[in-house]
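A structural walkthrough
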Amino acid sequence: MPAREPGHPITIHCPHCGGESILADACARWNVEMQQWELSNVFDDTTCDDCGIEVCAIERPVQEGA
Ligand SMILES: [Zn+2]
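Rules used throughout
Residues numbered from 1 in each chain as written. Predicted model: local features only at pLDDT ≥ 70, side-chain atom pairs only at ≥ 80, totals over all residues. Heavy atoms only, no water. Phe/Tyr/Trp six-rings, centres within 6.5 Å; stacked < 30°, edge-to-face > 60°. Donors = N, O, S within 2.8 Å, 3.2 Å for Na, K, Ca; no water. Helix = DSSP H or I, 4+ residues; strand = E, 2+ residues; numbered from the N terminus. Buried < 20%, exposed > 50% of the residue type's maximum accessible area, 1.4 Å probe, protein only. Patch = residues over 30% accessible without salt bridge, like charges linked within 9 Å, V, L, I, M, F, W, Y side chains within 5 Å. Areas by Shrake-Rupley, 256 points an atom, 1.4 Å probe, with all protein chains shown as cover. Salt bridge = Lys/Arg side-chain N within 4 Å of Asp/Glu carboxyl O. Contact = heavy atoms within 4.5 Å. Lys, Arg positive; Asp, Glu negative; His and termini not counted. Charge placed at Lys NZ, Arg CZ, Asp CG, Glu CD.

An unreviewed UniProt entry lists the chain under the name Small CPxCG-related zinc finger protein, with Paracoccus pacificus as the source organism.

With that settled, the discussion passes to the packing of aromatic side chains. Per the stated rule, a full pass over the model turns up 1 aromatic pair. On the basis of an interplanar angle of 70° and a centroid distance of 5.2 Å, the ring pair of tryptophan 30 and tryptophan 37 is categorised as edge-to-face.

Note on the zinc ion: its protein donors are Cys14 (SG), Cys17 (SG), Cys48 (SG) and Cys51 (SG). The metal-donor distances range over 2.2 to 2.4 Å. Between the donor residues of the zinc ion, the gaps in sequence give the motif C-x2-C-x30-C-x2-C. Taken together, the positions of cysteine 17 in the loop between β1 (10-13) and β2 (22-31) and cysteine 51 in the loop between β3 (36-48) and β4 (53-55) put the pair 34 residues apart, joining distant regions of the chain. Judged by its relative accessible area of 42%, cysteine 17 is partly exposed. What makes cysteine 51 partly exposed here is its relative accessible area of 33%.

Backbone geometry places glutamine 35, a non-glycine residue, at a positive phi of 55°. With respect to the secondary-structure elements, glutamine 35 resides in the loop between β2 and β3. Accessibility expressed as a relative area gives 52% for glutamine 35, which makes it exposed.

Below, the discussion takes up a nonpolar patch on the surface. Taken together, the side chains of Trp30, Val32 and Trp37 present a nonpolar region at the surface, about 380 Å² in accessible area. Take tryptophan 30: it is sitting in strand β2.

Let us now look at the environment of isoleucine 58. With respect to the helices and strands, the residue isoleucine 58 is situated in strand β5 (residues 58-61). Through-space distance from the C-alpha of isoleucine 58 to that of histidine 13 is 5.0 Å; in sequence the pair is 45 residues apart. If we skip the residues at most four places from it in the chain, isoleucine 58 touches Thr11, Ile12, His13 and Pro15.

Below, the discussion takes up a negative patch on the surface. Taken together, the side chains of Asp25, Asp44, Asp45 and Glu54 define an acidic patch exposed on the protein surface. With respect to the helices and strands, glutamate 54 occurs in strand β4.

Here's what the structure looks like:
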């Protein structure tokens, strides 16, 4: 998943329910120094937590002043 341009924030939406409860598949790596899981890689596969199914998430730019 490519990094986002600063100054152009987006929201991620479910195409079915329109909600933002989207989960992305990711890998986490244990960081010994931090003593916590550190996000290593985020994949394109997304799941809607509300619908409980894998979805093709929609990206929308955040409206200024909305
Ligand atoms: Zn949904």
